[in-house]
Amino acid sequence: MIPITIVQTAFPFFAAIIALWIATLAMRRTGIMWPYFPLVLLAAASCSVAALQYYQLLLTVWQALLALEYFVAQVWVLVVIIVLTKKQS
Amino acid sequence: MILYPLVLGIEFFQHVVVIVLVGVTIVECIVCWKKAHTGDARVDTVIQENKRAHVLLLVASLFLAAWIVVEYLSEYLGDWYHFLVHLPAAIVVAGIFWYLVRFKDLGLKILFAVFSIAALIQIGLDIFEMFSGMDGVPWIEAVRELLQLTSVLMFYFFAVRSMNLLHHEERT
């Protein structure tokens, strides 16, 4: 059994802040928003990790929520790669 | 209750978004202030032209942060919270949005529309909860958190897009 600690809830929270911070700076710097939405989604997934850790619900069916968020983020990354590659060529 | 993890996760995400938004807005204002004193003519004119928009963005972001913090007072203010705090706050933020929508950008208009609709539904939900006596019903809390997350995210994207429009005007 994984013990509930402050760390397990707080670290994903800080990770989400860092991910969203980087995404925002990138959006601000490049002036384009859509390629950085996967980072926003990762921040959301990280918050889900924090909440699930708090209630000790990882390794239950709730983890499907995380899987969904990561899946959408990965598909979005694929779309970004394809679109940017087509623009390059 | 089964919806509690969802509510907690959404609350975490709201706080993350607001923390990042306030941080980025403050950094933006410091950068603009510094650039205004270095004598870069182009940047200087851009800032001079859009000074009011920048100040309004900062004010709106800090206001939203204060709103999220004051949410915790809702327990003490009770039902009056919605009339004393929530409704005025939503109206002020929407008013600032209304000023910034003058950029004639379709994305900003869509974000503004979604924010307004989410805020209106949330206020309606609060009034419904107040008069129906269904205080603390889990699905109402979950729906309210979802609506609030929508408002906060729309505000975040609105602020970032406004900053982009202010600084990358050639891209629009």
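Each residue is numbered by its place in its chain's sequence as written, counting from 1. Here the convention is simple: chains get letters from A, ligands get numbers from 1, in the order in which they are written. Given that this is a predicted model, residues contribute local features only at a pLDDT of at least 70 and side-chain atom pairs are listed and counted only at 80 or more, while totals for whole chains, interfaces and linings are drawn from all residues. Computation of side-chain values covers all heavy atoms of the structure but excludes hydrogens and water.

### Points about the overall build of chain B
Basically, it comes down to this: Elements are defined by DSSP. Helices are runs of H or I of four residues or more, strands are runs of E of two residues or more, and each kind is numbered from the N terminus. Buried, partly exposed and exposed residues are distinguished by accessible area as a fraction of the type maximum, computed with a 1.4 Å probe on protein chains only: under 20%, between the cut-offs, and over 50%, respectively. We call two residues in contact when some of their heavy atoms are within 4.5 Å. With residues, only the protein chains shown are counted as cover, and all accessible areas are computed by Shrake-Rupley using a 1.4 Å probe.
Scanning chain B from terminus to terminus reveals seven helices and zero strands. For chain B, the sequential pattern of α-helices and β-strands runs α-α-α-α-α-α-α. Evaluated residue by residue, chain B yields a buried proportion of 48% over its 172 residues. A sequence separation of at least 24 residues applies to 75% of the contacts in chain B between residues at least 6 apart. Only carbon and sulfur atoms are counted for the fraction: they give 70% of the accessible area of chain B, which is about 8,800 Å².

### With respect to the confidence of the model for chain B
The test is simple: On a scale of 0 to 100, pLDDT captures the predictor's confidence in every residue.
In the predicted model, chain B carries a mean pLDDT of 80, and the fraction of residues at 70 or more is 84%. Under the prediction, the complex receives an ipTM of 0.89, its pTM being 0.85.

### Overview of the side chain of E69(A)
The cut-off we apply is this: Counting rule applied: Lys, Arg positive; Asp, Glu negative; His and chain ends not counted. Only one rule defines a salt bridge in this text: a Lys or Arg side-chain nitrogen within 4 Å of an Asp or Glu carboxyl oxygen. Counted as a polar contact is a pair of N or O atoms within 3.5 Å, where, for protein atoms, one must be capable of donating a hydrogen and the other of accepting one, and residues adjacent in sequence contribute only when both atoms are in side chains.
For E69(A), the position within the fold is in helix α3 (residues 63-88). There is no salt bridge for the buried E69(A), and the closest opposite charge comes from R144(B), which lies 21 Å off by N-O distance. Among the polar contacts listed, one links the side chain of E69(A) to the backbone nitrogen of A45(A), at a separation of 3.0 Å. Polar contacts involving the side chain of E69(A) include one to the side chain of S48(A), which spans 3.0 Å. E69(A) has contacts with L41(A), A44(A), A45(A) and S48(A), leaving out every residue within four places of it along the chain.

### So, the nonpolar core
Stated formally: Residues enter a nonpolar core if they are buried and are Ala, Val, Leu, Ile, Met, Phe, Trp, Tyr or Cys, with the set joined through side-chain atoms within 4.5 Å.
Grouped together as the largest cluster of nonpolar side chains are 62 residues, with contacts concentrated most on F13(B) and F157(B). Counting residues per element, this core draws most heavily on helix α7 (residues 138-167) of chain B, at 13 residues. Once residues within four sequence positions are removed from consideration, F13(B) is found in contact with V40(A), A43(A), A44(A), C47(A), L149(B) and L153(B). Ranked by size, the runner-up nonpolar core spans six residues in total, among them A45(A), V49(A), L57(A) and W62(A).

### Here we look at helix α3 (residues 51-70) of chain B
Using the following cut-off: Given a helix with a known number of residues, its expected span is that number minus one, times 1.5 Å.
An ideal rise of 1.5 Å per residue puts 28 Å on 20 residues; α3(B) measures up with 28 Å between its terminal C-alpha atoms. Buried within α3(B) we find A53(B), H54(B), L56(B), L57(B), A60(B), S61(B), L64(B), A65(B), W67(B) and I68(B).

### As for the interface of chain B and chain A
Keep this limit in mind: Once two parts are brought into contact, the accessible area they lose, counted with a 1.4 Å probe and summed over both, makes up the buried area. When residue character is reported, Ala, Val, Leu, Ile, Met, Phe, Trp, Tyr, Cys and Pro are called nonpolar, Asp, Glu, Lys and Arg charged, and the others, Gly included, polar.
The interface of chain B with chain A comprises 26 residues on the first partner and 27 residues on the second. Each partner contributes to the roughly 2,300 Å² buried at the junction of chain B and chain A, and carbon and sulfur atoms together form 81% of this total. Of all residues in chain B, P5(B), F12(B) and F13(B) give up the largest surface area on contact with chain A, accounting jointly for 22% of the area buried on that side. For the pair chain B and chain A, the interface holds zero salt bridges. Inspection of the chain B/chain A interface yields one residue pair in polar contact (both at pLDDT 80 or more). Among the secondary structure elements, those contributing two or more residues to the side of chain B that touches chain A are α1 (4-36) and α7 of chain B. It is α1(B) that contributes the most residues to the side of chain B that touches chain A, 16 residues altogether. When the residues that make up the side of chain B that touches chain A are grouped by side-chain class, the tally is 17 nonpolar, six polar and three charged.

### With respect to a nonpolar patch on the surface
Residues and elements named next belong to chain A. Counted only if it meets this: Patches here are clusters of residues that have more than 30% relative accessible area and form no salt bridge, with a 9 Å joining cutoff for like charges and a 5 Å cutoff for nonpolar side chains (Val, Leu, Ile, Met, Phe, Trp, Tyr).
Taken together, the side chains of L68, F71, V72, V75, W76, V79 and V83 define a hydrophobic patch exposed on the protein surface, amounting to about 560 Å² of accessible area. Structurally, the position occupied by L68 is in helix α3. Here L68 falls in the exposed class, since its relative accessible area comes to 52%.

### Examining the pattern of salt bridges
All names here are of chain B. Inspection of the entire model under this criterion finds three salt bridges over all chains. Between D126 and R144 there is a salt bridge, and its shortest N-O distance comes to 3.0 Å. Separated by 18 residues along the polypeptide, D126 in helix α6 (residues 106-132) and R144 in helix α7 bring together distant segments of the chain. This pair shows no difference in class: D126 is buried, exactly as R144 is.

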